[in-house]
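Examining the three-dimensional arrangement
These are the residues of each chain, in order.
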Amino acid sequence: MLDVKLKLRPGHTAERAWSGPSTLRQLVWNVTYACNFSCAVCFTDAGRRRDDELDTDEAKRLIARAREAGVRDIIISGGEPFARPDMPALLAEMAAQGISARIATNGSLLTGQLVRQLRAETLVSSFQISIDTLDRSRYAALHGCRPEMLDAALQAARAIKAAGFHTTISSRLTPATLPDLPQLIDLARSEGWETLTIHVPVRTRRVRDAGGADEDPLALLEPVFEHFLAGDHWLVETYIPWAALHPTLRRLGERVRVVHRGCSAGRDRLTVSPSGMLSPCVCLDVPAAYLGNVRDHELSAIFASTALDDTFRRPSGDGVCAGCSLYASCGGGCRAAAFARTGSLRGEDASCPVRRARALSNRDVPGSG
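Here's a quick rundown of the structure. The structure presented is a predicted model; accordingly, all values stated were derived computationally and were not measured. (Residues numbered from 1 in each chain as written. Predicted model: local features only at pLDDT ≥ 70, side-chain atom pairs only at ≥ 80, totals over all residues. Heavy atoms only, no water.)

Scanning the protein chain from N- to C-terminus turns up 14 helices and 14 strands. In terms of C-alpha radius of gyration, the protein chain reaches 20 Å, essentially the compact-globule figure of 21 Å for 369 residues. Burial statistics for the protein chain: of 369 residues in total, 55% are counted as buried. Within the protein chain, residue pairs in contact and separated by at least 24 positions form 71% of the contacts whose partners lie at least 6 positions apart. When the accessible surface of the protein chain is totalled, it reaches about 15,500 Å², and 49% of it is carbon and sulfur. A gap of 2 Å separates the mean positions of the 45 positive and 42 negative side-chain charges of the protein chain. (Helix = DSSP H or I, 4+ residues; strand = E, 2+ residues; numbered from the N terminus. Rg over C-alpha atoms; globule rule 2.2 N^0.38 Å. Buried < 20%, exposed > 50% of the residue type's maximum accessible area, 1.4 Å probe, protein only. Contact = heavy atoms within 4.5 Å. Areas by Shrake-Rupley, 256 points an atom, 1.4 Å probe, with all protein chains shown as cover. Lys, Arg positive; Asp, Glu negative; His and termini not counted. Charge placed at Lys NZ, Arg CZ, Asp CG, Glu CD.)

Attention now moves to helix 1 (residues 56–68). Owing to its 3.6 residues per turn, the α-helix brings residues three or four apart onto one side. In a regular helix each residue adds 1.5 Å, so 13 residues correspond to 18 Å; helix 1 covers 19 Å between its end C-alpha atoms and thus fits that length. Buried within helix 1 are the following residues: E58, A59, L62, I63 and A66. Down the axis of helix 1, the buried side of the element spans an arc of 150 degrees, and every buried residue falls inside it. Looking at helix 1, the residues exposed on the side facing more than 90 degrees away from the buried face are D57, R61 and E68. Elements in contact with the buried residues of helix 1: strand 2 (26–30), strand 4 (73–77), helix 2 (87–96), strand 12 (269–272) and helix 10 (299–303). Two or three places before D57, at the start of helix 1, stands the capping residue D55, its side-chain oxygen 3.2 Å from that residue's backbone nitrogen. Positive backbone phi, at 95 degrees, marks G70, one or two positions downstream of helix 1. (Expected span 1.5 Å × (residues − 1). Arc of directions from axis to C-beta. Polar contact = N/O pair within 3.5 Å; in protein donor to acceptor, adjacent residues only side chain to side chain.)

Another point: the environment of I185. Following the sequence through the fold, I185 ends up in helix 6 (residues 181–191). Ignoring any residue separated from it by four or fewer positions in sequence, one finds I185 in contact with L6, L8, L196, V224, H227 and F228.

Another point: the side chain of E53. Here E53 lies in the loop between strand 3 (41–42) and helix 1. A relative accessible area of 4% means that E53 is categorised as buried. Only 3.0 Å separates the side chain of E53 from the backbone nitrogen of Y33, close enough to count as a polar contact. Beyond its immediate chain neighbours, meaning those up to four positions away, E53 contacts V31, T32, Y33, A34, R48, E58, P274, S275 and R295.

The next thing to look at is the nonpolar core. With 104 residues, the main nonpolar core has L6, W29, I76 and L91 as its most contacted residues. Ranked by residue count, the leading element in this core is helix 5 (residues 149–162), at seven residues. When near neighbours in sequence (up to four residues on either side) are disregarded, I76 contacts W29, V31, P81, M87, L91, M94, A101, R102, I103 and A104. (Core = buried A, V, L, I, M, F, W, Y, C linked by side-chain atoms within 4.5 Å.)

Okay, structure coming up:
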């Protein structure tokens, strides 16, 4: 996903040269394809568990290999992570290896007892609960579940906060969720939740009813940013390669601190699929992006691979954004967005605001089209 984080309360942030050389620092681990929901937007196309998913012993070997490779933080997602019965045991194993965890979940399988257990026995530092909207009927349609499951998600977020975890709620940006984002900001403020994360869908897997592919998502969010600024707030973080070049965020940066975290895919992070396939990006659980399998390959060897270096760290070598003076600012844009549009990891990212502005300028020139 391309993410915008509206941070309501002071906490952790960092500014660094995200496109520069780095060691492997983090994994995103989608631990299962199983999910009790059927969301309209899902970057893994989750639903049923698959026969080739890592079993408990294989998962524990992955954790040990991650530790050996220098990984100290793993983002856990799915599917629904807690659809795995061994999830608490795997989180405890991570803690034994000195690895912290951040968990993205729909919240429906979290109980107060489980939350307290994770607080006592693991190094889980934060949870992100997918809420999207406070309208029960829209929630049910977006998540493919019963309307009352919204109440379970809200109860989970409150239990997480009560246990002392950093609490983030999230929403995927669609025409149905956009009008409800101010309400989510207000609720997060009143509950003391730290962050609202807005996911801009990348169309590599299941995406239904997410609006037009050519829409400018950050321009759509301008009224949401205004609502964010109207009350107590801290800062905005972006996880979008070209965000610093976007006129909406440049204007926003004149009124509030905006931290651009860029894109970590393949730069200091790898993603592990439920079946152990390694790819650079959480939105690229597709054969074209696979680099190997954790059953057969060491993480450090995959991270050092030439293919990863050429395609994700230096795409200009393949002609991506060749000649653009702003290439150093965005690193060639989002490879997942390029793949979604062109079918190639080496394609152009049409969502780039500089490219959009040039295309509009060319259309305005007589005889240009």
